[in-house]
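Architecture and fold: a report
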Amino acid sequence: MTAPQVVVHRDKELMAQAAAARLITKIVDAQAARGSASVVLTGGRNGNGLLAALGASPAREAVDWSRLDLWWGDERFLPEGHADRNVTQAREALLDAVELDPARVHAMPASDGSHGGDVDAAAEAYAAELARAARPENHGAVPSFDVLLLGVGPDTHVASLFPELPAVRETERMVVGVRGAPKPPPVRLSLTLPAIRAAREVWLLAAGEDKARAVTMALSGAGELQAPAAGARGRRRTLWLLDRAAAAGLPRELYPPASP
Ligand SMILES: O=C1O[C@H](COP(=O)(O)O)[C@@H](O)[C@H](O)[C@H]1O
């Protein structure tokens, strides 16, 4: 697992644009090196902001969208097409505007899908889909994602791993059903920390003053049970992409003085 690196941008718009530029480069490089790329998307304001910025960037033409696998770090367990589902919001922000291969868009199950309202069965099904995509050279039962994106909640949650809930303690399963989430809706699906840590790179996004406490806590030695964001690490890189408001509580030693 890698130590966190921190990059601070002036504001959330610039952070989204810079993260989008970074992601385009990563995808293009992975496609050049391995033929395809895999990215795990996040929900939330910062994740959707990044997707919208990517959609607005002329450089999006550099990506071969048909050779991109998309997965999700978490999902609100709601009916297909529900406006609060992370996949619905991602489609609106970007996915409907690019030429993806539908077979490579791995949305998490909906509550009115083939598993009905059984969130545990839905979690097992998504874990099986991940396992089928994993290669022998990968690290465990999930693919080696090129980039795994995570929005950081004001309470330090990432994906749907909330402080002190059972999901953040999971050490075996790659995907779990979550009940009793403090942020609505209460029932969700989430990758676990072991699945997140299989990614080559984990990028955590946080902008706005309501995220400052969470960022300070996660980057100042809190444990992953109290601050799940602290446990989200990539195998090759762990990158925190922040705006100044979210970084306000961090000691300057944590990020280079040259950050504009
Ligand atoms: O509910 C969720 O919240 C987090 C954080 O969202 P934000 O709007 O506070 O940035 C998000 O990362 C997660 O995917 C989503 O389901």
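Taking an unreviewed UniProt entry as the reference, the chain is identified by name as 6-phosphogluconolactonase belonging to Streptomyces antioxidans. Database annotation for the chain, UniProt heading Function (unreviewed entry): "Hydrolysis of 6-phosphogluconolactone to 6-phosphogluconate." Per its UniProt entry, the chain bears the Pathway (unreviewed entry) comment "Carbohydrate degradation; pentose phosphate pathway; D-ribulose 5-phosphate from D-glucose 6-phosphate (oxidative stage): step 2/3."

A few words now on the site of the ligand. What surrounds the ligand is a group of 15 residues, the closest being Arg45, Asp74, Arg76, Lys183 and Lys211. Note that an oxygen atom of the ligand is positioned 3.0 Å from one of the side-chain N or O atoms of His157. The contact in question runs from an oxygen atom of the ligand to an N or O atom on the side chain of Arg188, over 3.1 Å. Isolated, the ligand exposes 390 Å² of accessible area, and the fraction of that covered by the protein chains is 98%. Of the pockets mapped on this structure, the ligand occupies the second largest pocket. Those elements that place two or more of their residues in the shell around the ligand are helix H2 (44-56) and strand E4 (74-76). Here the element with the most residues in the shell around the ligand is H2; it accounts for three residues. Considered class by class, the residues forming the shell around the ligand number two nonpolar, seven polar and six charged.

By the definition in use, this model includes 13 salt bridges. For Asp146, the salt bridge identified is with Arg34, shortest N-O distance 2.3 Å. Linking Asp146 in the loop between helix H4 (119-133) and strand E5 (147-151) with Arg34 in helix H1 (residues 12-34), this pair joins segments that are 112 residues apart in sequence. Overlapping salt bridges bring together Arg34, Asp146 and Arg200 as one network.

With that settled, the discussion passes to the sheet that holds strand E6 (residues 175-178). What the three strands build is an open sheet, ordered E4-E7-E6; its pairing is antiparallel. One side of each edge strand has no neighbouring strand; the edge strands of this open sheet are E4 and E6. Going from strand to strand, the sheet's axes swing by 15 degrees on average, the running direction of each strand aside. Sheet topology places E4 next to strand E7 (residues 188-191); three bridges connect them, and they run antiparallel. Within E7, the position partnered with Glu75 by the bridge is Leu189. The sheet strands contacting H4 are E6 and E7, and the helix crosses E6 at an angle near 160 degrees.

Next up on the list: the pairing of E5. Across the five residues that make up E5, a large majority, five, are buried. Covered by surrounding structure in E5 are Val147, Leu149 and Gly151 together with Leu148 and Leu150, the residues of both alternating faces. Strand direction decides the pairing type here: E5 and strand E8 (residues 201-206), joined by five bridges, are parallel. Bridging from a neighbouring strand, Val147 pairs with Glu201 of E8.

How each quantity is defined
- Residues numbered from 1 in each chain as written.
- Predicted model: local features only at pLDDT ≥ 70, side-chain atom pairs only at ≥ 80, totals over all residues.
- Heavy atoms only, no water.
- UniProt positions renumbered as here; feature names shortened; annotations may be inferred.
- Near = heavy atom within 4 Å.
- Polar contact = N/O pair within 3.5 Å; in protein donor to acceptor, adjacent residues only side chain to side chain.
- Areas by Shrake-Rupley, 256 points an atom, 1.4 Å probe, with all protein chains shown as cover.
- 1 Å grid on protein atoms, 1.4 Å probe; cavity = no way out; pocket = protein on both sides within 12 Å on 5 of 7 lines; lining within 4 Å.
- Sits in = over half its atoms within 2 Å of the grid points.
- Helix = DSSP H or I, 4+ residues; strand = E, 2+ residues; numbered from the N terminus.
- Nonpolar A, V, L, I, M, F, W, Y, C, P; charged D, E, K, R; others polar.
- Salt bridge = Lys/Arg side-chain N within 4 Å of Asp/Glu carboxyl O.
- Pairing = 2+ DSSP bridges.
- Axes fitted to C-alpha atoms, helices over the stretch in contact; angles between N-to-C directions.
- Contact = heavy atoms within 4.5 Å.
- Buried < 20%, exposed > 50% of the residue type's maximum accessible area, 1.4 Å probe, protein only.

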